[in-house]
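Geometric and topological summary
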Amino acid sequence: MKMSDKTIELSSGMHMPLLGFGTYDSTDEQELSTAVKTAISAGYRHFDCAYFYQNEHIIGKAIHEAIAESNGTLKREDFFIVSKCWNNFHSKERVSLCLDITLKRFQMDYVDLYLVHWPMGFKEGDDDIPMDKNNQVISSDVHYTETWQAMEDLVRQGKCRSIGVSNFSIEQTREILAMCKIRPVCNQVEVNPYFQNNELVEYCHSENIRIVAYGSLRSTTYSPLQNWVKPGNLVPQENPDIVSLAKKHHKTPAQVILRWLIQCNIVVIPKSVTPSRIVQNSQIFDFELSDQDMEIFKNLEKGSRINHFEGVIPKSVTPSRIVQNSQIFDFELSDQDMEIFKNLEKGSRINHFEGARHHLRYPFSD
């Protein structure tokens, strides 16, 4: 059986490949194009994209080139293409506009799955993340139920085959279910061994809403540009129990984590631009974790997100401060110094998702 045949049925009747290819934070044309073509050669057919990622034109071109170079063995219908409606397109009039932009970038007539990227709407206009003078996101009063009605219209128009949500809480999902005519087929949220999101996963499964997991793996290297990842976060692939399971099955820790998720009936969308890792991430259907192996993961839950969306990038336009903010790797705080910070805790966030924490429909409680 081919990897593309490993699918899960959606409530719409469509079948989604259990393994997808994540595309966030990749904008180098040559690197991403090579990665997409490597993924296609390795058997990937599910590509997880978004308007906000600003790379759909590269992905679409690479897919079309792969189809053209396949001598008729590949066609558009073989692929499962996902995109997402961004936050400043939440009004009924603009949801369709967002998808039209995506389709033009892809050079395609439809996407297989279209998601509401976040439940919170931003001020509508040209700025994808509109900010006020206090560096806070300017929200809109458009409720996601209005956005959902427009999403349903897109299905009727044939611009997308299925629709779903992303980063929605249980209560927000319930609200959609209470008013929808077309049910969401999935909720794309963070799930990893240290943040298993069990309550949300169990709720969505009980409603026949598939979970698509992002943030399942964390890079063992950290770039300050990855402002959604805290550098102090634990790396699941380095957990001793996971490393031990990898040795037992003659697999990598990343492969074991992806296999664990799939055996939990969760769709995975690991992201990599390294050809060897892209291939490795696809080699997860030739082994199976035992019940005992699966039990090990239950003890790894720490309630620790990899993706915080808090923004650890220090922002300044003052040259001297820009330089100062970079000079933090030539000294170290002692244990006594670190203890001082413990007494400063006030439970008061400065920001979350670049100032969107205040939004009425912000989905995270932690």
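Residues numbered from 1 in each chain as written. Predicted model: local features only at pLDDT ≥ 70, side-chain atom pairs only at ≥ 80, totals over all residues. Heavy atoms only, no water.

**Considerations on the overall build of the protein**
On a plain count of helices and strands, the protein comes out with 12 helices and 10 strands. Taking all 366 residues of the protein together, 51% fall into the buried category. Of the contacts made within the protein by residues no fewer than 6 positions apart, 73% connect residues no fewer than 24 positions apart. Within the structure as shown, the protein displays about 18100 Å² of accessible surface, and the carbon and sulfur contribution to it stands at 48%. (Helix = DSSP H or I, 4+ residues; strand = E, 2+ residues; numbered from the N terminus. Buried < 20%, exposed > 50% of the residue type's maximum accessible area, 1.4 Å probe, protein only. Contact = heavy atoms within 4.5 Å. Areas by Shrake-Rupley, 256 points an atom, 1.4 Å probe, with all protein chains shown as cover.)

**Digging into the confidence of the model for the protein**
For the protein, the mean per-residue pLDDT works out to 88, and 84% of the residues sit at or above 70. Across residues 310–319 the pLDDT falls below 50, and counting only partners more than four positions away or on other chains, this stretch makes 22 contacts in the model. The model gives residues 346–352 a pLDDT under 50, and that stretch makes 14 contacts with residues more than four places away or in other chains. (pLDDT = per-residue confidence, 0-100.)

**Considerations on the nonpolar core**
Core analysis: the biggest nonpolar cluster contains 93 residues, and Val-36, Phe-47, Ile-63, Tyr-114 and Met-151 have the highest contact counts within it. Leaving out residues up to four positions away in the same chain, Phe-47 has contacts with Phe-21, Val-36, Ala-39, Ile-40, Ile-63, Phe-79, Phe-80, Ile-81 and Val-82. (Core = buried A, V, L, I, M, F, W, Y, C linked by side-chain atoms within 4.5 Å.)

**Things to note about the environment of Gln-237**
Mapped onto the fold, Gln-237 is located in the loop between β9 (210–214) and α7 (240–249). For the pair Gln-237 and Ser-216, spaced 21 residues apart in the sequence, the C-alpha separation amounts to 9.7 Å. Apart from the residues lying within four places of it in its own chain, the contact partners of Gln-237 are Leu-217, Arg-218, Val-243, Pro-253, Ala-254 and Ile-257.

**Some words on the state of the cysteines**
Across all of its chains, the model carries 0 disulfides by this definition. As a non-bridged cysteine, Cys-186 has Cys-204 as the owner of its nearest cysteine sulfur, 9.2 Å distant. Given the relative accessible area of 0%, Cys-186 is considered buried. (Disulfide = S-S within 2.5 Å.)

**Some remarks on the packing of aromatic side chains**
All chains considered together, the criterion is met by 9 aromatic pairs. Considering the side-chain rings of Phe-52 and Trp-86, the 3.9 Å spacing of their centres and the 10 degrees angle between planes classify their relative orientation as stacked. Here Phe-52 is found in the loop between β4 (46–48) and α2 (56–68), whereas its partner Trp-86 is found in the loop between β5 (80–85) and α3 (92–106), with 34 residues between them in sequence. A relative accessible area of 1% means that Trp-86 is categorised as buried. (Phe/Tyr/Trp six-rings, centres within 6.5 Å; stacked < 30°, edge-to-face > 60°.)

**A look at the environment of Ser-83**
Tracing the backbone through its elements, the reader meets Ser-83 in strand β5. Remark: the alpha-carbon pair of Ser-83 and Thr-102, spanning 19 residues in sequence, is separated by 7.6 Å. Setting aside chain neighbours within four positions, we find Ser-83 in contact with Cys-49, Ala-50, Tyr-51, Glu-56, Thr-102, Phe-106, Leu-113, Tyr-114 and Leu-115.

**Overview of the pattern of salt bridges**
Enumeration over the complete set of coordinates arrives at 16 salt bridges. Glu-152 is paired through a salt bridge with Arg-156; the nearest N and O atoms lie 3.9 Å apart. Here Glu-152 pairs with Arg-156, and both are found in helix α4 (residues 144–156), just 4 residues apart, close to one helical turn. A residue is classified by how much of its surface remains accessible, and Glu-152, at 4% relative accessible area, is buried. (Salt bridge = Lys/Arg side-chain N within 4 Å of Asp/Glu carboxyl O.)

**Let's talk about the pairing of β5**
The element β5 is extensively covered by neighbouring structure, given that 6 of its 6 residues are classed as buried. Burial along β5 is two-sided: the face carrying Phe-80, Val-82 and Lys-84 and the face carrying Ile-81, Ser-83 and Cys-85 are both buried. As defined by bridge partners, β4 adjoins β5 across 3 bridges and the pair is classed as parallel. Among the inter-strand pairings, Phe-47 is bridged to a residue of β5, identified as Ile-81. With respect to chirality, the unit in which β4 leads through α2 into the neighbouring parallel β5 is right-handed. (Pairing = 2+ DSSP bridges. Right-handed = clockwise from strand over helix to strand, strands pointing away.)

**Here's the deal with helix α10 (residues 291–298)**
Buried within α10 we find Asp-293, Met-294 and Phe-297. Relative to the axis of α10, the buried residues are bounded by an arc of 100 degrees and lie together on one face. Opposite the buried face of α10, by more than 90 degrees, sit the exposed residues Asp-291, Gln-292 and Lys-298. For α10, the elements touching its buried residues are α7 and α8 (253–263). (Arc of directions from axis to C-beta.)

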